[in-house]
Amino acid sequence: MKFFLSLLSFLLWAVVPKTECVTCSGFSFNENIEVVVHRGANKIAPENTRAAAQAAIDLGAEYVEVDVRTSKDGVLYILHDPMVNRTTNGSGFISRMTSVEIDKLDAGSWFAPEFAGEQVPRLREYLLWIKGKAKVYFDVKDADLRQLVELVLETGFENDCFFWFRSNKKALELKRIAPDLPLKVNASAPEAIKKIKQKFNARILECSLDALTPAFVEACRQHEIKIMVYGGKEDKEYFTRVLLHPAVDMINLDNPELYYQVKREMMERGK
């Protein structure tokens, strides 16, 4: 195993520009990867709740990802689906429900009895609560962008967040409204990176680990774009590959417990 890790590390260092890494018993691993936890630690607590965010924070994550939606009366909430059915004891589209109705929902019992009473978080209160504990990745599903930007600025998150939109039109709207707020885009081809930078002024690019060819990494470095990888099968082998790759700046994941376990084991082997 140690020979395999040493060989893999050598090959990666040979083809990829180096970032700060630490050498452990013959192999080098990237200790400065920022961890972004998808919907909070959703294998430990109900997704998109304060409990899930706190679990991610307790493990050491730098960012918590949240999905932003809007109630019928214009209040911003954190919920992934357009309907509340899957993750609460209610039913219906959140966009057709008032904030009074949404605040009464139980967003925890579906996951486990001990989380009964967890609410669908209001975004404003959530940001005030998480400020100083973690940064925030906004996956904007349905929200007025001016309202959202005002909230981000009001709560002081302009330097502690980044945004993603499924719609390029919405991404360009954010760039027009608030050009200094960090934007993430997805890509896998090195030839697309220059256009992405020019069009969106993206700060972060999300891709698979397998997309990190030398040309891809070099293009990101030239355009000052951070690289965030996402997983398919989040197992020990995958997390080991991520930690051994010196070009990875960030990782977007669902299983922070296993990631940190793998990292601890690698550090122990290096002592």
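Residues numbered from 1 in each chain as written. Predicted model: local features only at pLDDT ≥ 70, side-chain atom pairs only at ≥ 80, totals over all residues. Heavy atoms only, no water.

Student: Explanation requested: the overall build of the chain in the structure shown.
Tutor: When helices and strands are tallied, the chain shows 10 helices and 11 strands. By residue count, 52% of the 271 residues in the chain fall in the buried class. Counting contacts in the chain only where the partners sit at least 6 residues apart, residues at least 24 apart contribute 56% of the total. Summed over its atoms, the accessible surface of the chain is roughly 12700 Å², and 51% of this surface lies on carbon and sulfur atoms. (Helix = DSSP H or I, 4+ residues; strand = E, 2+ residues; numbered from the N terminus. Buried < 20%, exposed > 50% of the residue type's maximum accessible area, 1.4 Å probe, protein only. Contact = heavy atoms within 4.5 Å. Areas by Shrake-Rupley, 256 points an atom, 1.4 Å probe, with all protein chains shown as cover.)

Student: Even after reading the chapter, I still don't get the confidence of the model for the chain, so can you show me in this structure?
Tutor: When pLDDT drops low, the exact placement of atoms in the prediction is not to be read closely. Scored by pLDDT, the chain comes out at a mean of 91, with 89% of its residues at no less than 70. For residues 1-26, every residue scores under 50 in pLDDT, and the model assigns this stretch 48 contacts once sequence neighbours within four places are set aside. (pLDDT = per-residue confidence, 0-100.)

Student: Looking at this structure, I do not really get the nonpolar core. What am I missing?
Tutor: Generally speaking, soluble globular proteins have nonpolar side chains that are buried together. In this structure, I130, F138, F163 and I251 are the most contacted members of the largest nonpolar core, which totals 72 residues. Apart from residues no more than four positions distant in its own chain, F138 is found in contact with V66, V68, L123, L127, V152, C161, F162, F163 and W164. Listed in part, the 10 residues of the second largest apolar core include V75, Y77, M97 and V120. (Core = buried A, V, L, I, M, F, W, Y, C linked by side-chain atoms within 4.5 Å.)

Student: Can you help me understand the packing of aromatic side chains in this one?
Tutor: Aromatic ring pairs: the centre-centre distance and the angle between the two ring planes describe each pair. By the definition in use, this model includes 10 aromatic pairs. Look at F111 and F115: their rings are 5.7 Å apart centre to centre, the planes differ by 75°, and that puts the pair in the edge-to-face class. Judged by its relative accessible area of 15%, F115 is buried. Ring centres of F138 and F163 lie 5.0 Å apart, and the angle between their planes is 25°; this geometry places the pair in the stacked category. Of this pair, F138 sits in strand β6 (residues 135-140) while F163 is found in strand β7 (residues 161-164), placing the two residues 25 residues apart along the sequence. Each member of the pair, F138 together with F163, is buried. Within the aromatic cluster, the residues linked to one another by ring pairs are Y238, F239, Y259 and Y260. Above the plane of the ring of F157 lies K131, whose end atom (NZ or CZ) is 4.8 Å from the centre. (Phe/Tyr/Trp six-rings, centres within 6.5 Å; stacked < 30°, edge-to-face > 60°. Lys NZ or Arg CZ within 6 Å of the ring centre and 35° of its normal.)

Student: Sorry, what's going on with the side chain of K197 here?
Tutor: On the secondary structure map, K197 appears in helix α7 (residues 193-200). The charged side chain of K197 is buried without a salt bridge, its nearest counter-charge being E224 at 5.5 Å. For K197, the residues in contact, after removing those within four places along its chain, are A202, H223, E224 and I225. (Lys, Arg positive; Asp, Glu negative; His and termini not counted. Salt bridge = Lys/Arg side-chain N within 4 Å of Asp/Glu carboxyl O.)

Student: So what exactly am I meant to see when it comes to the pairing of strand β11 (residues 250-253) here?
Tutor: Consecutive side chains along a regular strand alternate between the two faces of the sheet. The side-chain alternation of β11 yields two buried faces, one formed by M250 and N252 and the other by I251 and L253. Across 4 bridges, the pairing between strand β3 (residues 34-37) and β11 is parallel. Each residue of the ladder has a partner; that of V35, found in β11, is I251. Direction of pairing for strand β10 (residues 226-230) relative to β11: parallel, over a ladder of 3 bridges. Its bridge partner lying in β11, Y230 is registered against N252. Read as a crossover between parallel neighbours, the route from β10 over helix α9 (residues 236-244) to β11 is right-handed. (Pairing = 2+ DSSP bridges. Right-handed = clockwise from strand over helix to strand, strands pointing away.)

Student: For this particular structure, what's the right way to read the pairing of β6?
Tutor: The element β6 is extensively covered by neighbouring structure, given that 5 of its 6 residues are classed as buried. Bridge count between strand β4 (residues 63-70) and β6: 6 bridges; the pairing is parallel. Counterpart to V68 in the pairing with β6 is V140. The pairing of β6 with β7 spans 4 bridges and is classified as parallel. Bridge pairing in β7 links V136 to C161. Viewed along the sheet, the connection from β6 through helix α5 (residues 145-154) into β7 turns out right-handed.

Student: Help me understand unusual backbone geometry in this model?
Tutor: The general pattern is negative phi for most residues beyond glycine and trans for most peptide bonds. Unlike most non-glycine residues, R39 shows phi in positive territory, near 60°. Residue position: R39 is located in the loop between β3 and α2 (50-59). Look at N201: it is not a glycine, yet its phi comes out positive at around 55°. With respect to the helices and strands, the residue N201 is situated in the loop between α7 and β9 (204-208).

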